[in-house]
Amino acid sequence: MKQSLQIKMGQSLAMTPQLQQAIKLLQLSTLELQTEIQTALESNPMLEMQDDEGSEPREADLANESRETREANREAETAAAEQKQSASETELVGENTQGADDVLPEDLPVDSAWDDIYDSAVPASSGTAGSDGESRDFTEFHNAGVASIQDHLNEQIRFAPLSERDQEIAETIIDAVDNNGYLIDDVDVLLDGLNRDITDVDQMYVLDEFETVLHLVQHLDPPGCAARDASECMGIQLSQLPESELRTLAMGIVKDHLDLLAAHDFARLRRLFKINDEVLQEAITLIRSLNPRPGRQLVNDHDQYIVPDVFVKKIKGVWRVELNPDIAPKLGINALYAGMVKRADKSDDNNFMRNHLQEARWFIKSLQSRNETLLRVATAIVERQRSFLEYGDEAMKPLVLRDIAEQLSLHESTISRVTTHKYIHTPRGIFEFKYFFSSHVSTANGGECSATAIRAMIKKFIAAEDCTKPLSDSKIASTLVEEGIQVARRTVAKYRESMAIPPSNERKRLN
């Protein structure tokens, strides 16, 4: 093939730094955005937080001043500083040392002209300040800190009359307890670690000594910690209850027949213990009052504190959508530093300040774009799902990303970024944006019903069922078909499993 040069014309999307930054901010969660803003404030001297009072001078005002006026002002400030130095040398040193060790980052490349028009003190969030009017740290994130289960158990062991050897064994056991309260290592492994520094003669007594200390740890608060399985854990808790025939029956079930109870094989339990339904139900109620994971009383490491991005309120019969004013601060340009930038000066210092000023403007604009897009998408979702806000899950409408994208003339990928890890606060609770998007199922009259509404209906049917004769997936599917919703049994099973609802045989109760 002969090589040749050809000229072709075409169009392609150029990912400028501004566009890359806007896309990055758009997909950040609330907490990630706060971290990004804090990083920008620390690395860019041109960015600053703006007061609500608006007392800070605007950069445009300084830009309109003549160079002579600014130089005169700086000379006056220098003279005042010298006078202050002679009056109080110590105070001046204290003020000048503040921030003296700050190190500014390297210059970043820019691809925009200096003459771009921008506003300096533009809030990064369109919301208003909190109703209390107090200044809040935007990076503040409250998380309930709790002591570890090891700290809790060791604190009790310190007050027990134990020898140094027993204290060592107790600490070894406690260190092997996981957050659920169970031993994560086998007893043999723990014994091997304890036997390294003792003689063979002493090893004869180690097992009995270990079991004695283990029994002590298992009866600390909360009882059942350091158990080797659920049967032992619940048995320990039952042993601390007053002695009775019911407790003895419950002990027998959890010790030898916990698998039958988990499988809801009540008929076999009745035959084994020769009891009737009433007595068995009392024993089961007692067992269910126990805590199979006692460590979770102290450690709850999977609670997540959600900061909503948007608030939805009904005011005078109209649903209003507002951005959360606390998710981001009001950012602006530092007017003093911006006023020092000289248009024709090509020095390194001036270029440094000019580049950072441009970056600050891009960052503020990207934040504005993020908030505007977030508010538009949230408003569109609320308009589509007004029935849900009024009547609940069963009134949820089918909705896909394409519907919102076409309504707002945005790309589906943009809607996907906006709805990921973003949360909306409604009178019915806090939901992720994606919660309002669901597939649809056809109805008998040719309409559509959302998957979320079907899940809500399945949950309602199961909540109202007879616990002695729970509804099967086929029965639930038949009930939905009777109400005009065409859904198969396997679809009902899929929705039920997605809600962590067990099958009918596991939901069966004695009464």
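This one's a predicted model, so the numbers in the text were calculated from it and none came from an experiment.

Comments concerning the sheet that holds strand S6 (residues 429–432)
Part 1 of the argument: Reading across from one edge, S3-S2-S5-S6 is the order of the four strands in this open sheet, with mixed pairing throughout. Of all strands in the sheet, those with a lone pairing partner are strand S3 (318–323) and S6, marking the two edges. Strand-to-strand, the axes of this sheet are offset by a mean angle of 25°, without reference to chain direction.
Part 2 of the argument: Looking at chain direction, strand S5 (residues 423–426) and S6 are connected through four bridges and run antiparallel. The residue bridging His-425 from the neighbouring strand is Ile-430, located in S6.
Part 3 of the argument: Lying on the sheet, helix H16 (residues 348–384) is in contact with strand S2 (310–315), S3 and S5; it crosses S3 at an angle near 155°.

Comments concerning the side chain of Asp-309
Part 1 of the argument: Mapped onto the fold, Asp-309 is located in the loop between helix H14 (277–288) and S2.
Part 2 of the argument: Put simply, Asp-309 is tucked away with no salt bridge, and the nearest opposite charge, on Arg-370, sits 4.1 Å away.

Brief notes about the packing of helix H20 (residues 451–463) against helix H22 (residues 489–498)
Think of two packed helices as two axes; the pair is described by the angle between the axes and how far apart they sit.
Part 1 of the argument: Relative orientation of the contacting elements H20 and H22 amounts to 80°, with a least axis distance of 10 Å. With respect to H22, the element H20 is oriented roughly perpendicular. Residues Ala-451, Ile-454, Arg-455, Ile-458 and Ile-462 of H20 pack against Val-492, Tyr-495, Arg-496 and Ser-498 of H22.
Part 2 of the argument: Broken down by class, the residue content of the contact of H20 with H22 amounts to six nonpolar, one polar and two charged.

Focus: a negative patch on the surface
Part 1 of the argument: Judged by side-chain charge, Asp-185, Asp-186, Asp-188 and Asp-192 come together as a negatively charged surface patch.
Part 2 of the argument: Within the element layout of this structure, Asp-186 appears in the loop between helix H7 (164–175) and helix H8 (187–194).

Section: the pattern of salt bridges
Part 1 of the argument: According to the stated counting rule, one finds eleven salt bridges in the structure shown.
Part 2 of the argument: Note that Lys-314 is salt-bridged to Glu-390, the shortest N-O span being 2.9 Å. Of this pair, Lys-314 sits in strand S2 while Glu-390 sits in helix H17 (residues 386–391), and the two are 76 residues apart along the sequence.
Part 3 of the argument: Lys-314 gets classed as partly exposed once you look at its relative accessible area, which sits at 40%.
Part 4 of the argument: Taking relative accessible area as the criterion, Glu-390 reaches 29% and is therefore assigned partly exposed.
Part 5 of the argument: Each of Glu-211, Arg-228 and Glu-232 takes part in a single network of salt bridges with overlapping partners.

Observations regarding the environment of Lys-365
Part 1 of the argument: On the secondary structure map, Lys-365 appears in helix H16.
Part 2 of the argument: As for Lys-365 and Gln-18, which are separated by 347 residues in sequence, their C-alpha atoms are 9.0 Å apart.

What about the environment of Leu-399?
Part 1 of the argument: Along the chain, Leu-399 turns up in the loop between H17 and helix H18 (401–408).
Part 2 of the argument: The class for Leu-399 is buried, based on a relative accessible area of 2%.
Part 3 of the argument: Counting along the chain gives 41 residues from Leu-399 to His-440, while the straight-line C-alpha distance between them is 7.9 Å.
Part 4 of the argument: The residues contacting Leu-399, other than those within four sequence positions of it, are Arg-384, Gln-385, Ile-404, Phe-436, Phe-437 and Ser-438.

Quick look at unusual backbone geometry
Part 1 of the argument: Following Asp-221, the chain continues to Pro-222 via a peptide bond in cis, the omega torsion being -5°.
Part 2 of the argument: Residue placement: Pro-222 occurs in the loop between helix H9 (206–218) and helix H10 (230–239).
Part 3 of the argument: Within the chain, His-264 stands out as a residue other than glycine whose phi angle is a positive 60°.
Part 4 of the argument: As for its position among the elements, His-264 is in the loop between helix H12 (258–262) and helix H13 (266–273).
Part 5 of the argument: Judged by its relative accessible area of 16%, His-264 falls in the buried class.
Part 6 of the argument: In this model, His-421 sits at a positive phi of 60°, which is unusual for a non-glycine residue.

Examining empty space enclosed by the protein
Part 1 of the argument: If you walk through the whole model with that rule in mind, you get one cavity of 30 Å³ or more.
Part 2 of the argument: Here the largest cavity defines a volume of roughly 40 Å³.
Part 3 of the argument: Lining the largest cavity, in full, are Val-312, Ile-381, Val-382, Gln-385, Leu-389, Ile-424, Thr-426 and Phe-436.
Part 4 of the argument: Within the residue set of the lining of the largest cavity, elements represented by two or more residues are H16 and S5.
Part 5 of the argument: Partitioned by chemical class, the residues of the lining of the largest cavity number six nonpolar, two polar and no charged.

Focus: the packing of aromatic side chains
Part 1 of the argument: One pass over the structure, following the stated rule, counts six aromatic pairs.
Part 2 of the argument: Arranged with centres 4.7 Å apart and planes meeting at 20°, the rings of Phe-431 and Tyr-435 form a pair that is stacked.
Part 3 of the argument: Residue classification places Tyr-435 among the partly exposed positions, given a relative accessible area of 27%.
Part 4 of the argument: Taken together, the aromatic side chains of Phe-388, Phe-431, Tyr-435 and Phe-436 make up a single cluster linked through ring pairs.
Part 5 of the argument: The residue whose ring lies beneath Lys-313 is Phe-311, and the NZ or CZ to ring-centre distance is 5.9 Å.

So, the nonpolar core
Part 1 of the argument: Counting 26 residues, the largest nonpolar core has Val-310, Val-377, Ile-404, Ile-424 and Phe-433 as its most contacted members.
Part 2 of the argument: Elements supplying a minimum of two residues to this core: S2, S3, H16, H17, H18 and helix H19 (412–419).
Part 3 of the argument: With six residues, the single largest contributor to this core is H16.
Part 4 of the argument: If near-sequence neighbours (up to four positions away) are discounted, Ile-404 is found in contact with Val-377, Ala-380, Ile-381, Arg-384, Leu-399, Ile-415 and Phe-437.
Part 5 of the argument: Core analysis: the next-biggest nonpolar cluster, separate from the first, contains 22 residues, Leu-153, Val-177, Val-187 and Val-217 among them.

Focus on a nonpolar patch on the surface
Part 1 of the argument: Together, Leu-336, Tyr-337 and Met-340 make up a nonpolar patch on the protein surface, roughly 260 Å² of accessible area in all.
Part 2 of the argument: Residue placement: Met-340 occurs in the loop between helix H15 (335–339) and H16.

Notes on the confidence of the model for the protein chain
Close inspection of predicted coordinates is inappropriate for parts of the model with low pLDDT.
Part 1 of the argument: On average, residues of the protein chain carry a pLDDT of 78, and 77% of them reach 70 or more.
Part 2 of the argument: Note on residues 53–73: pLDDT under 50 across the span, and 22 contacts to partners over four residues away in sequence or across chains.
Part 3 of the argument: Predicted confidence is poor over residues 79–146, with pLDDT under 50, and the contacts of this stretch with residues over four places away or in other chains come to 92 contacts.

What counts as what
- Residues numbered from 1 in each chain as written.
- Predicted model: local features only at pLDDT ≥ 70, side-chain atom pairs only at ≥ 80, totals over all residues.
- Heavy atoms only, no water.
- Pairing = 2+ DSSP bridges.
- Helix = DSSP H or I, 4+ residues; strand = E, 2+ residues; numbered from the N terminus.
- Axes fitted to C-alpha atoms, helices over the stretch in contact; angles between N-to-C directions.
- Contact = heavy atoms within 4.5 Å.
- Buried < 20%, exposed > 50% of the residue type's maximum accessible area, 1.4 Å probe, protein only.
- Lys, Arg positive; Asp, Glu negative; His and termini not counted.
- Salt bridge = Lys/Arg side-chain N within 4 Å of Asp/Glu carboxyl O.
- Parallel < 35°, antiparallel > 145°, perpendicular 65-115°, else oblique.
- Nonpolar A, V, L, I, M, F, W, Y, C, P; charged D, E, K, R; others polar.
- Patch = residues over 30% accessible without salt bridge, like charges linked within 9 Å, V, L, I, M, F, W, Y side chains within 5 Å.
- Areas by Shrake-Rupley, 256 points an atom, 1.4 Å probe, with all protein chains shown as cover.
- Charge placed at Lys NZ, Arg CZ, Asp CG, Glu CD.
- 1 Å grid on protein atoms, 1.4 Å probe; cavity = no way out; pocket = protein on both sides within 12 Å on 5 of 7 lines; lining within 4 Å.
- Points joined across faces, edges and corners; volume = space filled by probe spheres on them.
- Phe/Tyr/Trp six-rings, centres within 6.5 Å; stacked < 30°, edge-to-face > 60°.
- Lys NZ or Arg CZ within 6 Å of the ring centre and 35° of its normal.
- Core = buried A, V, L, I, M, F, W, Y, C linked by side-chain atoms within 4.5 Å.
- pLDDT = per-residue confidence, 0-100.

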